[in-house]
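# Tertiary structure, described
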Amino acid sequence: MSTSKELSELVSAAIENRIRGYAFAVPARVEAYDAARQMVNVQPLLKGWRKVDENTESSISFKIVSNVPVSFPGPITFPLPVGTTGALVVMDRSLEVWKSKGGEVDPIDKRIRNLNDAVFWPGVRVGPDVLPNVPTDAITLHGNTRLGAHDATEPALLGNSF
């Protein structure tokens, strides 16, 4: 018969194993971007774990997650070329109904914390992908920048030269 401590350890292990099956937020890379729908297909960049047998686990790559809404910062938009990295943030409930209707909805599907119910926050960078020369006293825009209407054709000069 199990002691109280052994039972406690079994319950803790069961809870930990269950939680491991849920993703909350992981870095991801854009594999495709639909600008008209503001949706991306992304590849999670941290591997998950799967149980091989009672004593062994191995890492596995996640599949590409498709039709993920992009969370742009307010009214600011920018290109999302293949290879752009960011955070894939998993919502608590299914987004399927909300993605098509918006507003307050009944999610209908009862799944929770599923990679298919994530949003993508572009811009997370590490290591060799960090932006160079980031000032500590100003807001900067890197790359080809246009201000104003979406169809602006002239770049903005916000300094002394191009």
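These lines cover the structure that appears in this document, whether it is placed above or below. Not measured: the values here are computed from a predicted model.

Basis of the calculations
- Residues numbered from 1 in each chain as written.
- Predicted model: local features only at pLDDT ≥ 70, side-chain atom pairs only at ≥ 80, totals over all residues.
- Heavy atoms only, no water.
- Pairing = 2+ DSSP bridges.
- Helix = DSSP H or I, 4+ residues; strand = E, 2+ residues; numbered from the N terminus.
- Axes fitted to C-alpha atoms, helices over the stretch in contact; angles between N-to-C directions.
- Buried < 20%, exposed > 50% of the residue type's maximum accessible area, 1.4 Å probe, protein only.
- Core = buried A, V, L, I, M, F, W, Y, C linked by side-chain atoms within 4.5 Å.
- Salt bridge = Lys/Arg side-chain N within 4 Å of Asp/Glu carboxyl O.
- Phe/Tyr/Trp six-rings, centres within 6.5 Å; stacked < 30°, edge-to-face > 60°.
- Contact = heavy atoms within 4.5 Å.

Let us now look at the sheet that holds strand 1 (residues 25-34). An order of 5-2-1-6-7 is seen for the five strands of this open sheet, with the pairing classed as antiparallel. Where the open sheet ends on each side, the last strands, each with one partner, are strand 5 (65-69) and strand 7 (118-122). Across this sheet, the average inter-strand angle for adjacent strands is 50°, counted without regard to direction.

Strand 6 (residues 85-90) sits mainly inside the fold: six of its six residues count as buried. As defined by bridge partners, strand 6 adjoins strand 7 across five bridges and the pair is classed as antiparallel. Each bridged residue has a counterpart across the sheet, and for Gly86 the counterpart in strand 7 is Pro122.

The next point concerns the nonpolar core. Within the largest apolar cluster, 15 residues are counted, with the highest numbers of intra-cluster contacts made by Val40, Val42, Val65, Val68, Leu88 and Phe120. Elements that contribute at least two residues to this core include exactly strand 1, strand 2 (39-44), strand 5, strand 6 and strand 7. No other element matches strand 1, which puts three residues into this core.

With that settled, the discussion passes to the pairing of strand 2. Where burial is concerned, most of strand 2 is hidden: five out of the six residues are buried. Bridging between strand 1 and strand 2 involves six bridges; their strand directions are antiparallel. Bridging across to strand 2, Ala28 finds its partner in Pro44. Between the antiparallel neighbours strand 1 and strand 2 lie four residues, among them Gln38 with a positive phi of about 50°.

Looking now at the pattern of salt bridges. Under the definition given, this model contains two salt bridges. Its salt-bridge partner being Glu31, residue Arg29 comes within 2.7 Å of it at the nearest N-O pair. Judged by relative accessible area, which is 28%, Glu31 ranks as partly exposed. Two residues, Arg37 and Asp34, come together in a salt bridge whose shortest N-O distance is 3.5 Å. The class of Asp34 is partly exposed, set by a relative accessible area of 28%.

Here we come to the packing of aromatic side chains. Counting across every chain of the model gives one aromatic pair. Seen from their ring centres, Phe72 and Phe78 are 5.0 Å apart, and the 85° between their planes marks the pair as edge-to-face. Assessed through its relative accessible area of 11%, Phe72 is described here as buried.

Before going further, it helps to spend a moment on unusual backbone geometry. A positive phi angle, close to 50°, is found at Gln38, a residue other than glycine. Mapped onto the elements, Gln38 comes out in the loop between strand 1 and strand 2. The exposure class of Gln38 is partly exposed, given its relative accessible area of 37%. A positive phi angle, near 55°, is found at Asn67, a position not held by glycine. By the element assignment, Asn67 lies in strand 5.

Secondary-structure assignment places Asn114 in the loop between helix 2 (96-101) and strand 7. Residue classification places Asn114 among the partly exposed positions, given a relative accessible area of 26%. Not counting chain neighbours up to four residues away, the residues in contact with Asn114 comprise Val90 and Met91.

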